[in-house]
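# Summary of structural features
Now for the letters of each chain:
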Amino acid sequence: MNVQKLIPTPKNKNIESIAYNRLTSLVNSMADGVIAVDKNIKIVLFNGAALNILDRNNLKNGDSLKDVLKPVDQNYHTVDIVKLVHNATAPTSSRDLRLSYADGSVSDLYLSIAPVHLGYNDAGKDTGGYVLLLRDITAEKSLEEERDEFISVVSHELRTPITIAEGNISNAQLIFDKSGDMEKIKSSLKAAHEQVLFLASMINDLATLSRAERGKLTVEIEPINVHDLVLELATNYQPEASDHGLQIKTELDPNLQILNSSKLYIREILQNLITNAIKYTPKGQVTISASQKHMNVEISVNDTGIGITKSDQERIFDKFFRSDDVRARAINGTGLGLYVTMKLAKLIGAEISFKSELNKGSTFNVLFPNMTQIESFNQ
Ligand code: ADP
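Quick look at the structure, then. Note that the structure is predicted; figures quoted are calculated from it, not measured. (Residues numbered from 1 in each chain as written. Predicted model: local features only at pLDDT ≥ 70, side-chain atom pairs only at ≥ 80, totals over all residues. Heavy atoms only, no water.)

## Quick look at the nonpolar core
Note the cut-off: What is meant by a nonpolar core is a set of buried Ala, Val, Leu, Ile, Met, Phe, Trp, Tyr and Cys residues, joined one to another through side-chain atoms within 4.5 Å. Think of it in three bands: residues with accessible area under 20% of the maximum for their type are buried, residues over 50% are exposed, and the middle band is partly exposed, with areas taken using a 1.4 Å probe on protein chains only. A helix here means a DSSP run of H or I that spans at least four residues, while a strand means a run of E at least two residues long, and both kinds are numbered starting from the N terminus. Domain ranges listed in this record stem from an automatic or a database domain assignment. We call two residues in contact when some of their heavy atoms are within 4.5 Å.
Among the nonpolar cores identified, the biggest contains 54 residues, and Ile248, Ile274, Ile299, Ile348 and Phe368 are the most heavily contacted of them. Those elements giving two or more residues to this core turn out to be helix H6 (138-178), helix H7 (182-213), helix H8 (226-243), helix H9 (263-279), strand S9 (285-293), strand S10 (296-303), helix H12 (337-347) and strand S12 (361-368). Element by element, the count of residues in this core is highest for H9, at eight residues. Looking at which domains feed residues into this core, each of domain 2 (142-214) and domain 3 (217-379) gives three or more. For Ile248, the residues in contact, after removing those within four places along its chain, are Ala234, Tyr237, Gln238, Ala241, Ile274, Ile278, Val286 and Ile288.

Structure representation (structure tokens):
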């Protein structure tokens, strides 16, 4: 191993060699990269993990650290590693550096530098140096970024409906005190109620998302009467559709058979698609159709809405994706609905496809397989 090559073999075969072997195997076993340098910032020791992080297959004793470790800052400006090491009079660490590789990829680097005092040599000179610990923290950093984005999107999206609901309730109170006009009070309360319902559906999405991401979702298969389920959903969503001046239609294959799958997830998938169809359709209709495909069932949700641009079509299933279309932006949303929908679909082996044309409308098709035995598909 590399460490063994660089640490001089001890002369005292007994105690020293035991300590030496322990030290080398310890450093080589470390998952973090270790590089030790002397006072002139020349390498005197390194382990295999350091080679991995530096993307090199070897280093030489006496190599200059500045030639092998070339970190950049968050703005990709070169960082003077020699200066950084010399400045480390006490152990320091940083999580803000990056390493760029020849293929153009970049990784986030945790770097800790600690001065090492090895005492004084025969000439009375301090023979110390520095030890550097390197760790690739790209995955951790992207999780942190995702978490920050999540908190900022969710708090922003929660604030809007709460503000609207609060405004409407205050308004209703004011009208009650002043004129008592019941119609106006009713319409304010209705507007507040809509926002509370939206909050409830958002919290539901978040809860499902959190369970899906922790792999905590289980699939319970039961026989489903698709005909009844579609009619029930159409009836449940008609009032919401009517508020938007839309009609919900159903087209049901007379040969529909009982489907074995998770009713809970099918319902949730369809609810997300129907809610979107209603939200993004200013006029026209929403049609839910179901047809038997051999043993399986295909359910489609079609709308005559604003449609989705070709470039947005590639991203609508991404977490937090929301179109920049002003008409879509004017509508409450988190960009989580389709992401959660896709997660649930995968869990029950369903395939989602869609077709959409700007200003004409969209159709989302879901092919639900008949799950004959208790099985769940990989998420
Ligand atoms: P949300 O609706 O909360 O923004 P979704 O994940 O459900 O999140 O949808 C992501 C984006 O896809 C929406 O913001 C919208 O731009 C677009 N989209 C989804 N369904 C439709 C649809 N039926 N018609 C037009 N655009 C849609």
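## Observations regarding the packing of aromatic side chains
Which entries qualify depends on this criterion: Stacked, tilted and edge-to-face are the three classes assigned to paired rings of Phe, Tyr and Trp, where Trp is represented by its six-membered ring and a pair needs centres within 6.5 Å; plane angles under 30 degrees give stacked, over 60 edge-to-face, the rest tilted. As a reminder, the over-ring test applies to NZ of lysine and CZ of arginine, requiring each to be within 6 Å of the ring centre and within 35 degrees of the ring normal.
If you walk through the whole model with that rule in mind, you get two aromatic pairs. Relative to Phe364, the ring of Phe354 has its centre 5.2 Å away and its plane inclined at 20°; by these criteria the two rings are stacked. Of the two residues, Phe354 is situated in strand S11 (residues 351-357) and Phe364 in strand S12; the sequence distance between them amounts to 10 residues. Judged by its relative accessible area of 8%, Phe364 is buried. Through successive ring pairs, a cluster of aromatic residues spans Phe317, Phe354 and Phe364. The side chain of Arg135 reaches across the aromatic face of Tyr110, ending 4.7 Å from its centre.

## Thoughts on the layout of surface pockets
Counted only if it meets this: Any residue with an atom within 4 Å of a point lines the site, the site being either a cavity, points on a 1 Å grid over the protein atoms alone where a 1.4 Å probe fits but cannot get out, or a pocket, an open set with protein on both sides within 12 Å along at least 5 of 7 lines. Grid points are joined across faces, edges and corners, and a volume is the space filled by probe spheres set on the points.
The volume enclosed by the largest pocket comes to roughly 1500 Å³. Lining the largest pocket we find 50 residues, and of these Phe198, Glu240, Thr275, Lys279 and Asn332 sit closest to its centre. Elements that contribute at least two residues to the lining of the largest pocket include exactly H7, H8, H9, S10, H12 and S12. Broken down by element, the residue count for the lining of the largest pocket peaks at 11 residues, all from H7.

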